[in-house]
Amino acid sequence: MKRRRFNWVVSDYVRKALKVYLEWSARLKGERFYCNALAGESDYNITVNCDLTVSCACQDYDGSGHIGDLNKSTFKEVFFGPTAQRFRTELAMGKLPIMTCTRCGDLKRAKKSQVKVFTPASDAPQNGTKTEPSLFAGPTPRLPYRGMLLENTVRCNIDCIGCDRQSAARIRTTKQMDLDKLSQMADLVHDLGLEQLFYLNLGEPFLSPNIGQELPLLAALSASHIFFSIAGTSEEMLKKYEKLGHYEKAYTCMKALVDYRNARGLSQPILEWKYLLFNWNDRPEMISRAIELAKAAGVDAISFWPTNNPFFGISYRYRLGMLNNIGIKNWKGREVDLRQVAKAPQAVVA
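This report concerns the structure included in the present document. Chains are numbered independently. Their residues run from 1 in the order of the written sequence. Confidence filtering applies because this is a predicted model: local features only for residues at pLDDT of at least 70, side-chain atom pairs given and counted only at 80 or more, and all residues used for totals across whole chains, interfaces and linings. With hydrogens and water set aside, each side-chain value is computed from the structure's full complement of heavy atoms.

Describing the overall build of the protein chain
- Secondary structure elements are taken from DSSP: a helix is a run of H or I of four residues or more, a strand is a run of E of two residues or more, and numbering for both begins at the N terminus. The secondary structure content of the protein chain amounts to 11 helices and 14 strands.
- Put simply, the radius of gyration uses C-alpha atoms, and a globule should come to 2.2 Å times the residue count raised to 0.38. Since a compact globule built from 350 residues should have a radius of gyration of about 20 Å, the 21 Å found for the protein chain is in line with a globular shape.
- On the principal axes, the C-alpha backbone points of the protein chain span a range of 55 × 50 × 45 Å.
- Scored against the burial criterion, the 350 residues of the protein chain give a buried share of 49%.
- Of the contacts formed within the protein chain by residues at least 6 apart in sequence, a portion of 72% connects residues at least 24 apart. Each residue is placed in one exposure class: buried if its accessible area under a 1.4 Å probe, protein chains only, is under 20% of its type's maximum, exposed if it is over 50%, and partly exposed if it falls in between. The contact definition used throughout considers only heavy atoms, calling two residues in contact when any of these lie within 4.5 Å.

Below, the structure is given as structure tokens:
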């Protein structure tokens, strides 16, 4: 295992400073915190890792966000278990339980007067322990229904400078989820009635040696959306972030999958280009070029995702609202639905 990159060491200090700032800011304004993910209202953050530990955040590189282990407990026991309840209580008291909270989009604020006592339902599994009432702010916690992440492997061959995957790999008890466990997770997704499942986290899903056997399981879950993470429109641009990535290979594969789907007369899965924004790839002409390439590839959408790491690559154009004329704003950042663009050919994105 190689040493952590400098930008992640800096990020640790930045998050410590942000924690102090956010906690004092909330206190002075008479506010408290809550977590949309721990309320069960998030699209994206709750994650089942490849070793069946459950994290409250997608960037849980050090395990501080582990709320339980599905090898030992049911998902319901984990989600309403002592660690998750402690996190909710600390947030409701105006404290951030883990450093990852400082940069998480699911961290929300509520008035101090809105803090309530949460008592799990009488039929909630206790796993041999007595569950004490806890505090919470925001929506009453419920099991996730909108979406979550499922990580089949923590292996990756791209080496992104903003990803501290090596730290996560050190704490995984296994680097690969076996098929029996994956089948159990398929049952979990069905039981929760999730609206969407993201088959990704800190690894490259298609590096799994079992991917050919995993895909039928995903098909049974009605997998309907595939993201292609391509951080630029040229080899030089992409390699500033994805050190071992290959732009031409990634773009060609994305286009080939579109052709494969369309040749069979299918409308799903939805194929989307996930374009990570940095200050070296966010100029208007670069964004326009990416949209034109997305149209040429035939994907259904292209989304532009702001990032916080590396700190020296943060897109100030996005932060200052200079990209607000691109597509629509959503939880990803900005998104251009190319299916709608195709229906309205005269629409121009500057």
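Concerning the nonpolar core
- Among buried residues, the Ala, Val, Leu, Ile, Met, Phe, Trp, Tyr and Cys ones that are joined through side-chain atoms within 4.5 Å form a nonpolar core. The biggest cluster of nonpolar side chains holds 46 residues, and the ones touching the most others in it are Val-48, Ile-67, Leu-70 and Phe-75.
- At the level of elements, α1 (6-28), β1 (31-35), α2 (75-79), α3 (82-92), β8 (147-150), α4 (165-171), α5 (179-192) and α6 (211-220) are the ones that each hand at least two residues to this core.
- Broken down by element, the residue count for this core peaks at 5 residues, all from α5.
- Counting 40 residues, the second largest nonpolar core, distinct from the first, contains Phe-198, Phe-227, Tyr-241 and Leu-271.

Thoughts on the environment of Phe-304
- Inspection of the secondary structure puts Phe-304 in strand β12 (residues 301-306).
- A relative accessible area of 2% places Phe-304 in the buried class.
- For the pair formed by Phe-304 and Phe-278, sequence separation is 26 residues and the distance between their alpha carbons is 9.9 Å.
- The contact partners of Phe-304, leaving out residues within four places of it in the chain, are Tyr-275, Leu-277, Ile-287, Ala-290, Ile-291, Ile-326, Lys-332, Gly-333, Arg-334 and Val-336.

Regarding α5
- Under the 1.5 Å per step criterion, the end-to-end length of α5 is 20 Å for 14 residues, consistent within 8% with the ideal 20 Å.
- Residues of α5 that are buried: Leu-182, Met-185, Ala-186, Leu-188, Val-189 and Leu-192. Buried positions in α5, seen along its axis, are confined to an arc of 160° and lie on one side of it. Exposed residues on α5 whose side chains face more than 90 degrees from its buried face are Asp-180, His-190 and Asp-191.
- Definition of a polar contact: a pair of N or O atoms within 3.5 Å, with one able to donate and the other able to accept a hydrogen when the atoms are protein atoms, and with sequence-neighbouring residues admitted only if both atoms are side-chain atoms. Capping the start of α5 is the job of one residue whose side-chain oxygen sits 3.2 Å from the backbone nitrogen of Asp-180: Asp-178.
- Where α5 terminates, the next one or two residues include Gly-193, which has phi positive at roughly 65°. To estimate how far a helix should extend, the number of its residues minus one is multiplied by 1.5 Å. Directions are taken from the helix axis to each C-beta atom, and the arc is the one they span.

Looking at a nonpolar patch on the surface
- A surface patch of nonpolar side chains, amounting to about 340 Å² of accessible area, comprises Phe-6, Phe-311 and Phe-312.
- Among the residues examined, Phe-311 registers a relative accessible area of 35% and is labelled partly exposed. Without a salt bridge and with relative accessible area above 30%, a residue can belong to a patch; like charges are then joined within 9 Å and nonpolar side chains (Val, Leu, Ile, Met, Phe, Trp, Tyr) within 5 Å. All accessibility values rest on the Shrake-Rupley procedure with a 1.4 Å probe; residue burial counts only the protein chains present in the view. We define a salt bridge as a side-chain nitrogen of Lys or Arg found within 4 Å of a carboxyl oxygen belonging to Asp or Glu.

Some words on empty space enclosed by the protein
- Both cavities and pockets are sets of points on a 1 Å grid over the protein atoms alone; in a cavity a 1.4 Å probe fits but cannot get out, in a pocket the set is open with protein on both sides within 12 Å along at least five of seven lines, and lining residues sit with an atom within 4 Å of a point. Grid points are joined across faces, edges and corners, and a volume is the space filled by probe spheres set on the points. Using the criterion set out here, one finds 2 cavities of 30 Å³ or more in the structure.
- In this model, the largest cavity occupies a volume close to 100 Å³.
- Forming the boundary of the largest cavity are Cys-35, Leu-38, Cys-56, Ala-57, Phe-87, Leu-91, Pro-97, Ile-98, Thr-100, Cys-101, Cys-104 and Leu-107.
- Residue classes follow a fixed rule: Ala, Val, Leu, Ile, Met, Phe, Trp, Tyr, Cys and Pro count as nonpolar, while Asp, Glu, Lys and Arg count as charged, and any other residue, Gly among them, counts as polar. Across the lining of the largest cavity, the residue classes break down as 11 nonpolar, 1 polar and no charged.
- Of the voids in this model, the second largest cavity is the one considered here, and its volume is about 70 Å³.
- Taken together, Tyr-34, Cys-35, Leu-38, Ala-39, Arg-88, Leu-91, Phe-136, Ala-137, Pro-139 and Pro-141 make up the lining of the second largest cavity.
- Secondary-structure elements contributing two or more residues to the lining of the second largest cavity are β1 and α3.

Here's the deal with the sheet that holds strand β2 (residues 47-48)
- Note on pairing: two strands pair once DSSP finds at least 2 bridges between them. Overall, mixed pairing links the 5 strands, which are arranged β4-β3-β2-β8-β9 in an open sheet. The open sheet terminates on both sides in strands that have one partner only, identified here as β4 (66-69) and β9 (196-198).
- Pairing of β8 with β9, which is carried by 3 bridges, proceeds in the parallel orientation. Each residue of the ladder has a partner; that of Leu-149, found in β9, is Phe-198.
- Contacts between α5 and the sheet are confined to β2, β8 and β9, with β8 contributing the most and set at about 175° to the helix. Here, axes are lines fitted to C-alpha atoms. For helices the fit covers the stretch in contact, and angles between N-to-C directions go from 0 to 180 degrees.

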